[in-house]
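# Structural overview for review
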Amino acid sequence: MNKFLCIFFVFVGFNSYLCSLIIRQISVKVKEVLSALEQFAPLPLQESWDNAGLQVGLTEAEVSGALLCLDVTEAVVDEAVRKGCNLIVSHHPLLFRGLKTISDLTDVQRTVRKAVREDVCVVSMHTNMDNAQGGVNFKMAEKLGLADVVFMNPRRVGDTECGSGILGTLAEPMAADDFVKLVKRTFDVECALTNQLLRRPVRRVALCGGAGDFLLDEAVASGADAFITGEMHYHQYFGFEQIIQICVIGHYQSEQYTTEIFRDILARQCPGLPTVIAETCTNPILYL
Ligand SMILES: [Zn+2]
């Protein structure tokens, strides 16, 4: 064979090999995304009442891109379509209480219809991601710069250690008002709900994203100076003055960085898969 022809064929062959590598790398199925997320936060870690996992779509579908968000609404499905993503990865499950009708009567029904119509798959990683090592609470701790982060009340599910709240330590003890300012700044909170400011420095911090009010007593028992969560009822604030600095920052605000966990898992486990953190703000609560 002519030498130049030979070089040409080697060149073409090498290029098609490269192309096949690239195609193999970006060809990711929904089931592979699920598997990557579940490897990090296994579904058995979720609470008994929860419904994490696949919500809408086919596990064999090839993923064009993944939109990462906290809640799935019609606007979020629209954003996914606009950005060429046929998969939405959310923290809160779209299907939670179950549907007996899929029509246009509720926002959930309308969102499910739209996702199916637009061929957009939805997977959700909820309390399994709350309870996992490196999950929602660890991300909050990282944002606050806490060190020595451990589960407040660790338990085991199979071989996996997990827990619903965490404890961490600030680099330096802080005055309570400075601590509240740090929390507000970190989570971009316009208005934090606190109890009376602690007259001793804050060093050890307990936290639980979302509705973590059920952990307040455990936070006190753990010796924490402060407890951060997303929401608490009025009566729960009573009786903790000068015992623990309560700091309630809003459900959405407390869990907003969960999308970064999704992004990092998929970058590691599904390299080449386009991921986009949703721009749509789904927080239904306004501070006026
Ligand atoms: Zn939540």
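Relevant structure appears above.
Residues numbered from 1 in each chain as written. Predicted model: local features only at pLDDT ≥ 70, side-chain atom pairs only at ≥ 80, totals over all residues. Heavy atoms only, no water.

In terms of regular secondary structure, the protein chain is built from 10 helices and 13 strands. For the protein chain, the spread of C-alpha atoms along the three principal axes comes to 85 × 50 × 40 Å. A total of 288 residues make up the protein chain; the buried ones form 46% of that total. Contacts in the protein chain between residues far apart in sequence, at least 24 positions, make up 66% of those at least 6 positions apart. For the protein chain, the exposed area adds up to about 14600 Å²; of that, 56% sits on carbon and sulfur atoms. (Helix = DSSP H or I, 4+ residues; strand = E, 2+ residues; numbered from the N terminus. Buried < 20%, exposed > 50% of the residue type's maximum accessible area, 1.4 Å probe, protein only. Contact = heavy atoms within 4.5 Å. Areas by Shrake-Rupley, 256 points an atom, 1.4 Å probe, with all protein chains shown as cover.)

Quantified by volume, the largest pocket comes out at close to 990 Å³. Contributing to the lining of the largest pocket are 39 residues, with Asp71, His92, Pro93, His126 and His251 lying nearest its centre. Of all the secondary-structure elements, those providing two or more residues to the lining of the largest pocket are helix 4 (107-117), helix 5 (127-131) and helix 9 (251-255). No other element matches the four residues that helix 9 contributes to the lining of the largest pocket. Of the residues belonging to the lining of the largest pocket, the class tally is 15 nonpolar, 17 polar and seven charged. (1 Å grid on protein atoms, 1.4 Å probe; cavity = no way out; pocket = protein on both sides within 12 Å on 5 of 7 lines; lining within 4 Å. Points joined across faces, edges and corners; volume = space filled by probe spheres on them. Nonpolar A, V, L, I, M, F, W, Y, C, P; charged D, E, K, R; others polar.)

Here we come to the nonpolar core. Val33, Leu37, Leu87, Val89, Met129, Leu266 and Leu273 are the most contacted members of the largest nonpolar core, which has 26 residues in total. At the level of elements, helix 2 (30-40), strand 2 (66-69), strand 3 (87-90), strand 4 (121-124) and helix 10 (258-269) are the ones that each hand at least two residues to this core. A total of five residues in this core trace back to one element, the largest contributor, which is helix 2. In contact with leucine 87, not counting residues within four places along its chain, are Val30, Val33, Val63, Gly65, Ala66, Leu67, Val120, Cys121, Val122 and Val123. (Core = buried A, V, L, I, M, F, W, Y, C linked by side-chain atoms within 4.5 Å.)

For the rest of this paragraph, the subject is the sheet that holds strand 2. One open sheet holds the five strands; their spatial order is 1-4-3-2-13, and the pairing between them is mixed. Edge positions in the sheet fall to strand 1 (53-56) and strand 13 (275-277), since each of these pairs with one other strand and no more. Each adjacent strand pair in this sheet contributes to an overall mean axis angle of 25°, direction not counted. Sheet topology places strand 1 next to strand 4; three bridges connect them, and they run antiparallel. Its bridge partner lying in strand 4, valine 56 is registered against valine 122. (Pairing = 2+ DSSP bridges. Axes fitted to C-alpha atoms, helices over the stretch in contact; angles between N-to-C directions.)

This brings us to the coordination of the zinc ion. For the zinc ion, the full set of protein donor atoms is His92 (NE2), His251 (NE2), Glu255 (OE) and Glu255 (OE), at a range of 2.0 to 2.7 Å. Viewed at the metal, the four donor atoms of the zinc ion are separated by angles of 52 to 130°, and the geometry they form is irregular. The sequence pattern describing where the donors of the zinc ion fall on their chain is H-x158-H-x3-E. Residue histidine 92 is found in the loop between strand 3 and helix 4, and its partner glutamate 255 is found in helix 9; the two are separated by 163 residues along the sequence. Of the two residues, histidine 92 and glutamate 255, both sit in the buried class. (Donors = N, O, S within 2.8 Å, 3.2 Å for Na, K, Ca; no water. Tetrahedral: all angles 85-135°; square planar, octahedral: opposite > 155°, others 65-115°.)

This part covers the pattern of salt bridges. In total, this model carries 12 salt bridges according to the counting rule given. Lysine 29 is the partner of glutamate 60 in a salt bridge, and the nearest nitrogen-oxygen pair spans 3.0 Å. Of the two residues, glutamate 60 is situated in the loop between strand 1 and strand 2 and lysine 29 in the loop between helix 1 (3-26) and helix 2; the sequence distance between them amounts to 31 residues. By relative accessible area, which is 43% here, glutamate 60 ends up partly exposed. By relative accessible area, which is 25% here, lysine 29 ends up partly exposed. The shortest N-O distance in the salt bridge between lysine 143 and glutamate 260 comes to 3.0 Å. Of the two residues, lysine 143 is situated in helix 6 (residues 136-144) and glutamate 260 in helix 10; the sequence distance between them amounts to 117 residues. Given a relative accessible area of 30%, lysine 143 falls into the partly exposed group. Here the salt bridges share partners, and the residues they tie into one network are Lys139, Glu142, Lys143 and Glu260. (Salt bridge = Lys/Arg side-chain N within 4 Å of Asp/Glu carboxyl O.)

With that settled, the discussion passes to helix 10. Residues three or four positions apart in an α-helix share a direction because the helix packs 3.6 residues into each turn. Taking 1.5 Å of rise per residue, the 12 residues of helix 10 would be expected to cover 16 Å, and the 17 Å separating its terminal C-alpha atoms lies within 8% of that figure. Buried within helix 10 we find Thr258, Thr259, Glu260, Ile261, Phe262, Ile265 and Leu266. (Expected span 1.5 Å × (residues − 1).)

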